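Take a look at the letters that make up each chain.
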Amino acid sequence: MYRMGVMALVAADLPGVDRDRCVKMAIVHDIAEAIVGDIAPSDGVPKEEKSRREKEALDHMCGLLGGGPRAEEIRELWMEYEQNATLEAKVVKDFDKVEMILQALEYEKGKINFVGVFEYFNAPSIILSLCEIGK
């Protein structure tokens, strides 16, 4: 999560992209995982159920903030990211993919012992989508 925020902060300017919004979105994109955990495709949880759990967790987290404008901003940023609704969301999703590749390389180099990490994602499709950033 932290690494994505740094990526968004130091990335070159892209036409039409609000960098500050990307930084905020990168910070809050995994906020629901603090409660439900990181649900991977290999876990066999249907997308609808994953979404339901994460929305419930987000509601809980925003409730802990007492509602108000900051909680609403977090909710809006999270929903924008989840729905891939804006250019900023698309850029942050690409940062998420890059971060996943970096994690996989760390696992492969033995920093973390994790078997089958490359089964988690389809690297060629991720690389192709990254070629489209800013186009």
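Definitions and limits used
- Residue positions are given per chain, counted from 1 along the sequence in the order it is written.
- With pLDDT at 70 or above as the cut-off, local features in this predicted model cover only qualifying residues; side-chain atom pairs require 80 or more to be listed or tallied, and sums for whole chains, interfaces and linings still use all residues.
- Each side-chain value is worked out from all heavy atoms of the structure, with water and hydrogens disregarded.
- Segments assigned H or I by DSSP are reported as helices when at least four residues long, segments assigned E as strands when at least two residues long, and all are numbered from the N terminus.
- For the exposure calls, accessible area comes from a 1.4 Å probe over protein chains only, and a residue counts as buried if that area is under 20% of its type's maximum, exposed if over 50%, partly exposed in between.
- Pairs of residues are marked as contacts when any of their non-hydrogen atoms sit within 4.5 Å.
- Computed with a 1.4 Å probe, the accessible areas rest on the Shrake-Rupley method; for each residue, only the protein chains presented here act as cover.
- A residue's pLDDT is the confidence the predictor assigns to it, expressed on a 0 to 100 scale.
- Take the number of residues in a helix, subtract one, and multiply by 1.5 Å to get its expected span.
- Whether two aromatic rings pair depends on their centres lying within 6.5 Å, for rings of Phe, Tyr and Trp, where Trp uses its six-membered ring; planes under 30 degrees apart make the pair stacked, over 60 edge-to-face, and the rest tilted.
- Cation placement over rings: the criterion is NZ of Lys or CZ of Arg within 6 Å of the ring centroid and within 35° of the ring normal.
- This arc corresponds to the set of directions leading from the helix axis out to the C-beta atoms.

Trainee: What should I look at first to understand the overall build of the protein chain in this one?
Mentor: Check the secondary structure of the protein chain and you find 7 helices and 0 strands. Walking the protein chain from its N terminus toward its C terminus, one meets helices and strands in the order α-α-α-α-α-α-α. By residue count, 28% of the 135 residues in the protein chain fall in the buried class. Put simply, of all contacts in the protein chain between residues at least 6 apart along the chain, 60% involve residues at least 24 apart. Accessible surface for the protein chain amounts to roughly 8500 Å². Of this, 57% is attributable to carbon and sulfur atoms.

Trainee: Mind showing me how you'd approach the confidence of the model for the protein chain here?
Mentor: Do not read the predicted coordinates in detail wherever pLDDT is low. Confidence in the prediction for the protein chain averages 81 pLDDT; 81% of positions are at 70 or higher. Note on residues 117-122: pLDDT under 50 across the span, and 12 contacts to partners over four residues away in sequence or across chains.

Trainee: For this particular structure, what's the right way to read helix α5 (residues 68-82)?
Mentor: In an α-helix, one full turn covers 3.6 residues, which means residues spaced three or four apart are oriented alike. When the terminal C-alpha atoms of α5 are compared, their 21 Å separation across 15 residues agrees well with the 21 Å that a helix rising 1.5 Å per residue should span. Looking only at α5, the buried set comprises A71, I74, L77, W78, E80 and Y81. Phi turns positive one or two residues past the end of α5, at N84, with a value near 50°.

Trainee: Where do I start with the packing of aromatic side chains in this structure?
Mentor: What describes a pair of aromatic rings is the distance from one ring centre to the other and the angle between the planes of the rings. Under the criterion given, the structure shown has 0 aromatic pairs. Lying over the aromatic face of Y81, K93 brings its terminal NZ or CZ to 4.1 Å of the ring centre.

Trainee: Where do I start with helix α1 (residues 2-10) in this structure?
Mentor: Every buried residue of α1 is accounted for by M4, G5, M7 and A8. The buried residues of α1 occupy an angular sector of 160° when projected down its axis, which confines them to one face. Of the exposed residues in α1, those oriented more than 90 degrees away from the buried face are Y2 and V10. Next to the buried residues of α1 lie α2 (19-28) and α6 (87-108).

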